[in-house]
Amino acid sequence: MSEQQLQDLFRGTQLRPPADRIDVDAAVRRGRRRRRTRRAAALSGVLGAMVVAGSVGYAVLPGVGGSDVGTRTAQPARSSSATTAESTQAPSPETLRRSPVVVAKPGQKVFVTPDSYLTINGQQYCLRAYEVDGTAMAVTCKSLSDGNQPKGTVSTQGASAVHHPEIFTGVYTGTDAGLITVTAAGSTKVATIVEPAGAASGVAFFTTGPTATTPPHPTSGVRVTVYDRSGHVLVKLPG
Amino acid sequence: MRGQDEEAFRTWVSARRSSLRATAYLVCGDWYLADDLVQEALARLFSVWGKVAAAGDPEAYARRTVVNLCLDHRRRPSRREVPHETLPDRAAADHDGDGEDPVLVRALAEVPRGQRAVLVLRYWEDLSIEQTAAALSTSTGNVKSQASRGLVTLRAALARLGAIDMPVLTEEP
């Protein structure tokens, strides 16, 4: 039997289906429930992250929290060696004082957008983002501990530039970051730091907004600066 | 807007439900199960209808969902096919009772489910190797090897059922 004969066999086969039992109304109702549930989960995740980030920020406000435990606030010191161009683009200390920090347990979803989230553990972090047609998730993972990225350095991983040019993520292989800023498209944003619960060898960070300057390379043209908790620059990318 | 979406969805379903039922039946081998899985697939499709319709190919989404639901359904231990030495008594046949299943359906039932899904998508749905790979979220190389092995099994089954003499089936490279 040739390929053609096989195709003819398939095409010539007449199925005898019984009466159609598909209830489209029920499918629509169930679809609505799924959509509501998904949106509610996404919203609660975002709100949860905001609450956590807000509570951390509140705890470290000078004179309010009264404790430096878990401090992730840094006053970025103006480096005397900073160039004029950098000075004009750098955020002011008043507007850039701290990075929100989310301490995530293994498997916990930290929503970046309603249809994308980060997970992190001691070994790696992953960004999962639904493709634009909602049919599958694009997954980007980066190890925190495989040694491919030296200690105290920063790397960036954009999400799919086609589907999610607004998401920008990265890894800093250290635990002393107080503030991470991302500068792109003429503006500087404070990144949210996502730290694994327990012992960590590094942290992930993310921002959202217009960062993709030349898709499909969402990380091109983007500058990342990591400050310590005293406001000193730890590392820049590009260096 | 929501009403328009639902109307478009229902129009699309009325046009494509028969095709989805047939695909589900050929992969899972049971009309009633096929109806259940197609209904679940339609619910999932409706929940993302806006995005999927905007992307322009809701059929690919629905087909992928139906096939994956069939494969996932069989993976669950409580739902695995249980081989019987003799067939149990049945109140009614899966089809409408006007005769036994076509020989192709009976032969496909002997093909492992993953290979069966590849054969159905390739030869029933007339998808290309690339489209089949996308529908199953696998590589084109895997599709080729699964199709090749599936054809060997299908050939043997067709021969055993007397549908062919000594066929030689090969998947085109």
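Residues numbered from 1 in each chain as written. Chains lettered and ligands numbered in written order. Predicted model: local features only at pLDDT ≥ 70, side-chain atom pairs only at ≥ 80, totals over all residues. Heavy atoms only, no water.

Asker: Let's hear about the state of the cysteines: which residues, and what values?
Answerer: Under the defined criterion, the tally for this structure stands at 1 disulfide over all chains. Here Cys-126 of chain A engages in a disulfide with Cys-141 of chain A; their sulfurs sit 2.0 Å apart. The S-S bond linking Cys-126 of chain A to Cys-141 of chain A shows a torsion near 110°; that makes this disulfide right-handed. Of this pair, Cys-126 of chain A sits in strand S4 (residues 124–130) while Cys-141 of chain A sits in strand S5 (residues 137–143), placing them 15 residues apart in sequence. Accessibility expressed as a relative area gives 3% for Cys-126 of chain A, which makes it buried. Cys-141 of chain A gets classed as partly exposed once you look at its relative accessible area, which sits at 39%. We note that Cys-28 of chain B lacks a disulfide partner, and the nearest cysteine sulfur, in Cys-70 of chain B, lies 4.1 Å from it. (Disulfide = S-S within 2.5 Å. Helix = DSSP H or I, 4+ residues; strand = E, 2+ residues; numbered from the N terminus. Buried < 20%, exposed > 50% of the residue type's maximum accessible area, 1.4 Å probe, protein only.)

Asker: Which residues make up the sheet that holds strand S13 (residues 233–237) of chain A, and what are the values?
Answerer: Residue and element names in this part refer to chain A. Strand order in this open sheet of 4 strands is S9-S8-S12-S13, and the pairing throughout is antiparallel. Where the open sheet ends on each side, the last strands, each with one partner, are strand S9 (187–190) and S13. Ignoring which end each strand starts from, the neighbouring axes of this sheet average 20° apart. Pairing of strand S8 (residues 177–184) with strand S12 (residues 223–228) involves 6 bridges; the strand directions are antiparallel. Counted as the bridge partner of Val-182 is Val-224 from S12. (Pairing = 2+ DSSP bridges. Axes fitted to C-alpha atoms, helices over the stretch in contact; angles between N-to-C directions.)

Asker: So what's going on with the pairing of S9 of chain A? Which residues, and what values?
Answerer: Sheet topology note: the S8 of chain A/S9 of chain A ladder contains 4 bridges and is antiparallel. Within S9 of chain A, the position partnered with Ala-184 of chain A by the bridge is Ser-187 of chain A.

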